[in-house]
Amino acid sequence: MQLFEMKDIKKSFGDLDVLKGISLTVEEGEVLSIIGPSGSGKSTLLRCATHLETPDSGEIKQSGEVGLVFQNFNLFPHFSVMKNLTDAPIRVQKRKKEEVFRQARELLKKMGLEDKEKAYPYQLSGGQQQRVSIARALCMNPKILFFDEPTSALDPELTGEILKVIKDLAAEHITMVIVTHEMNFAKEISDRVIFMDQGVIAVEGTPEVVFSSENARMKEFLGKFHQGMSD
Ligand SMILES: Nc1ncnc2c1ncn2[C@@H]1O[C@H](COP(=O)(O)OP(=O)(O)OP(=O)(O)O)[C@@H](O)[C@H]1O
Ligand SMILES: [Mg+2]
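None of the values given here were measured: they were computed from a predicted structure.

For the pairing of strand 1 (residues 2-13), give the residues involved together with the corresponding values.
In this sheet, strand 2 (residues 16-27) lies alongside strand 1 in antiparallel orientation, the contact comprising nine bridges. Pairing of Phe4 across the sheet is with Val26, part of strand 2. Taking the residues that link successive antiparallel strands as the turn, the strand 1-strand 2 hairpin has two residues, and the phi of Gly14 there is positive, at about 60 degrees. Pairing between strand 1 and strand 4 (residues 57-62): five bridges, direction antiparallel. Bridge assignment links Phe4 to a residue of strand 4, and that residue is Gln62.

Rendered as structure tokens:
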């Protein structure tokens, strides 16, 4: 079943055409990765998909709530971990407190954070903050979870920790769209990969197809990436 669709989405900031007609679909249970050079419009695409940004034109169809996990966690600094998880479900979704607290505790346990309920974000490591942020997104019962470079603010060890959490979610068939610069991770976890370049989808397909693409920009991008890796 199709959970999400974008049709010919365009977005400009002043003279800068950032999204030049993006169309994509996401199927239930699918993991879709979005890769591409800096400035190609990946974050803008996710921000449009999650209604943080309004497209200039085009159409978005979705069934149910969409969640977003940010690169810099974006936790509320003045809220405890528990309140970070439960505030929106109670105040915005108007759900019953007891039910939301029960779900929040389950999610924290799943993230290995059962002892951090009362902690504040500043008392947590980056990896722990990102796990709270994933739990917070899940506590809204989203149909799709979008991730914007969820590990780029983390050191390699904590990166592994978060990638493991995302892999576990994939194993549970949670539908996810992940903007990432972790190419091996994208290869391994994705059902489908999109390569964005200058505001358009330049290559799209299975990881095998995309990572062996003859597209010149894609090859240049992967080449730079491999160079970066060997530094
Ligand atoms: N609110 C905004 N106002 C003006 N320009 C913006 C705004 N948001 C993004 N841009 C510009 O749009 C372009 C695409 O930005 P975007 O953040 O979507 O790229 P990205 O692919 O996510 O890059 P990165 O890999 O560095 O995160 C950039 O040139 C950026 O400066
Ligand atoms: Mg970005």
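On we go.
Got a sec to walk through the packing of aromatic side chains? Specific residues and values, please.
Aromatic ring pairs are described here by two measures, namely the spacing of the ring centres and the angle between the planes. Under the criterion given, the structure shown has three aromatic pairs. Seen from their ring centres, Phe4 and Phe146 are 5.5 Å apart, and the 70 degrees between their planes marks the pair as edge-to-face. One end of the pair, Phe4, is in strand 1; the other, Phe146, is in strand 6 (residues 144-148), and 142 residues separate them in sequence. Judged by relative accessible area, which is 3%, Phe146 ranks as buried. Measuring from ring centre to ring centre gives 5.4 Å for Phe195 and Phe221, while their planes differ by 40 degrees; the resulting arrangement is tilted. Here Phe195 is found in strand 8 (residues 192-197), whereas its partner Phe221 is found in helix 8 (residues 216-230), with 26 residues between them in sequence. Judged by relative accessible area, Phe195 falls into the buried class, the value being 0%. Seen from the ring of Phe76, Arg136 lies directly overhead, with NZ or CZ sitting 5.2 Å from the centre.

Which residues make up the site of ligand 1, and what values go with them?
Around ligand 1, the neighbouring residues are Phe13, Leu16, Val18, Pro37, Ser38, Gly39, Ser40, Gly41, Lys42, Ser43, Thr44 and Glu149. Contacts to ligand 1 include Ser43, whose side-chain N or O atom sits 2.9 Å from an oxygen atom. Between an oxygen atom of ligand 1 and a side-chain N or O atom of Thr44, the distance comes to 2.6 Å. For ligand 1, the protein covers 58% of the area, taking 630 Å² as the surface of the free molecule. If one sorts the elements of the shell around ligand 1 by residue count, helix 1 (residues 42-49) sits on top with three residues.

Thresholds applied
- Residues numbered from 1 in each chain as written.
- Chains lettered and ligands numbered in written order.
- Predicted model: local features only at pLDDT ≥ 70, side-chain atom pairs only at ≥ 80, totals over all residues.
- Heavy atoms only, no water.
- Pairing = 2+ DSSP bridges.
- Helix = DSSP H or I, 4+ residues; strand = E, 2+ residues; numbered from the N terminus.
- Phe/Tyr/Trp six-rings, centres within 6.5 Å; stacked < 30°, edge-to-face > 60°.
- Buried < 20%, exposed > 50% of the residue type's maximum accessible area, 1.4 Å probe, protein only.
- Lys NZ or Arg CZ within 6 Å of the ring centre and 35° of its normal.
- Near = heavy atom within 4 Å.
- Polar contact = N/O pair within 3.5 Å; in protein donor to acceptor, adjacent residues only side chain to side chain.
- Areas by Shrake-Rupley, 256 points an atom, 1.4 Å probe, with all protein chains shown as cover.

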